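Architecture and fold: a report
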Amino acid sequence: MEFETKVLSRQIQEALYHNQETLGTAESCTGGRIAEAVISMPGASNYFKGGVIAYTNEVKENILGVSHQLLEEQTAVCEDVAKQMVAGACQALRCTYAIATTGVAGPTGGTSETPVGTIWIAYGCQDDIRTCKLAEDFGRDLNLAKATNKALCLFLDYLKEKISSV
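So, here is what we can say about the structure in this document. These numbers come from a predicted model, not from an experiment.

Here the focus is the pairing of strand β1 (residues 23-27). Extensive coverage of β1 is indicated by the burial of 5 of its 5 residues. Side chains of β1 alternate between two faces, with Leu23, Thr25 and Glu27 and Gly24 and Ala26 buried alike. Where β1 and strand β2 (residues 48-53) come together, 5 bridges link them in parallel fashion. Paired with Ala26 across the strands is Val52, a residue of β2.

For helix α5 (residues 79-93), with 15 residues, the first-to-last C-alpha span of 21 Å sits near the 21 Å given by 1.5 Å per residue. The set of residues buried in α5 consists of Val81, Ala82, Met85, Val86, Gly88, Ala89, Cys90 and Leu93. Directly beyond the C-terminal end of α5, a positive phi value near 50° is found at Arg94.

Moving on, we get to the environment of Glu161. Locating Glu161 in the fold gives a position in helix α6 (residues 140-162). Sequence-wise, Glu161 and Ala145 are 16 residues apart; in three dimensions their C-alpha atoms are separated by 25 Å.

Further remarks concern the side chain of Glu27. One can find Glu27 in strand β1. Although Glu27 is buried, it forms no salt bridge, and the closest oppositely charged side chain is Arg33 at an N-O distance of 6.7 Å. A polar atom in the side chain of Glu27 sits 3.2 Å from the backbone nitrogen of Gly32. A distance of 3.1 Å separates a polar atom in the side chain of Glu27 from the backbone nitrogen of Arg33. Sequence-distant contacts of Glu27, that is, excluding residues within four places in its chain, are made with Gly32, Arg33, Ile34, Ala35, Val52, Ile53, Ala54, Tyr55, Met85 and Thr101.

Once that is clear, we can look at the nonpolar core. If you look at the biggest cluster of nonpolar residues, it comprises 33 residues, and the most contacted ones within it are Ile12, Leu16, Leu23, Tyr97, Phe155 and Leu159. Secondary-structure elements contributing two or more residues to this core are α1 (3-18), α2 (33-39), β3 (97-103), β4 (119-125), β5 (128-134) and α6. Counting 24 residues, the second-largest nonpolar core is a separate cluster that includes Leu71, Val77, Val116 and Trp120.

Looking now at the packing of aromatic side chains. For any pair of aromatic rings, the description rests on two quantities: the centre-to-centre distance and the angle between the ring planes. The tally for this structure, following the rule as stated, stands at 4 aromatic pairs. Relative to Tyr158, the ring of Tyr97 has its centre 5.8 Å away and its plane inclined at 85°; by these criteria the two rings are edge-to-face. A residue pair is termed long-range when its members are at least 10 positions apart, and Tyr97 in strand β3 and Tyr158 in helix α6 qualify at 61 residues. Taking relative accessible area as the criterion, Tyr158 reaches 1% and is therefore assigned buried. Their ring planes at 20° and their centres at 6.2 Å tell us that Phe155 and Tyr158 sit as a pair that is stacked. In this pair, Phe155 and Tyr158 both sit in helix α6, 3 residues apart, roughly one turn of the helix. Under the relative-accessibility criterion, Phe155 is labelled buried at 0%. Here a set of aromatic residues connected by ring pairs shows up, and it is made of Tyr97, Tyr123, Phe155 and Tyr158. One Lys or Arg, Lys146, reaches over the ring of Phe138 and ends 4.7 Å from the middle of that ring.

Sheets are built from strands that pair by backbone hydrogen bonding, the pairs being arranged parallel or antiparallel. The strand order across the open sheet formed by 5 strands is β2-β1-β3-β4-β5, and the pairing between neighbours is mixed. Edge positions in the sheet fall to β2 and β5, since each has one partner strand and no second. Averaged over all pairs of adjacent strands, the angle between their axes in this sheet comes to 10°, without regard to strand direction. α5 contacts β1, β2, β3, β4 and β5 of the sheet and is inclined by roughly 140° relative to β3. Along the sheet face, α6 touches β1, β3, β4 and β5 and points at about 25° away from the line of β4.

Cut-off values and rules
- Residues numbered from 1 in each chain as written.
- Predicted model: local features only at pLDDT ≥ 70, side-chain atom pairs only at ≥ 80, totals over all residues.
- Heavy atoms only, no water.
- Buried < 20%, exposed > 50% of the residue type's maximum accessible area, 1.4 Å probe, protein only.
- Helix = DSSP H or I, 4+ residues; strand = E, 2+ residues; numbered from the N terminus.
- Pairing = 2+ DSSP bridges.
- Expected span 1.5 Å × (residues − 1).
- Lys, Arg positive; Asp, Glu negative; His and termini not counted.
- Salt bridge = Lys/Arg side-chain N within 4 Å of Asp/Glu carboxyl O.
- Polar contact = N/O pair within 3.5 Å; in protein donor to acceptor, adjacent residues only side chain to side chain.
- Contact = heavy atoms within 4.5 Å.
- Core = buried A, V, L, I, M, F, W, Y, C linked by side-chain atoms within 4.5 Å.
- Phe/Tyr/Trp six-rings, centres within 6.5 Å; stacked < 30°, edge-to-face > 60°.
- Lys NZ or Arg CZ within 6 Å of the ring centre and 35° of its normal.
- Axes fitted to C-alpha atoms, helices over the stretch in contact; angles between N-to-C directions.

Structure below.
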């Protein structure tokens, strides 16, 4: 695991633990990498509720409550699906906050509308979900590493805004 990832995970740990807040993840393209980073810190069980690896639309729908119609109309790789994944994770895992990812890591699977490297990151709580779109292709391994670190960084910034003692 990269040093930057460990530093971000430590800062998230401190913010959540000291404020008695909880976190869950809903990951598609990152396949558990964000959860792995979060649990790399000793004591993660005090604030990390768990994660859902929603690699298929079926899991997105049945576990996270993502709209079937939305998946049909916009595909799984869109901002609204990422937002619904966060909301679904907060509900299913009964956590304060969640981080979600959905995208096309590559090397195949892209289309002209959604090329390889397109990854939506969503994060927040039930009533305040924010998003970020990554749109560059650096190859599968780097796409996933960049998405993981970006998600952690964005979430940490969000916590700093929401929790005064971060």
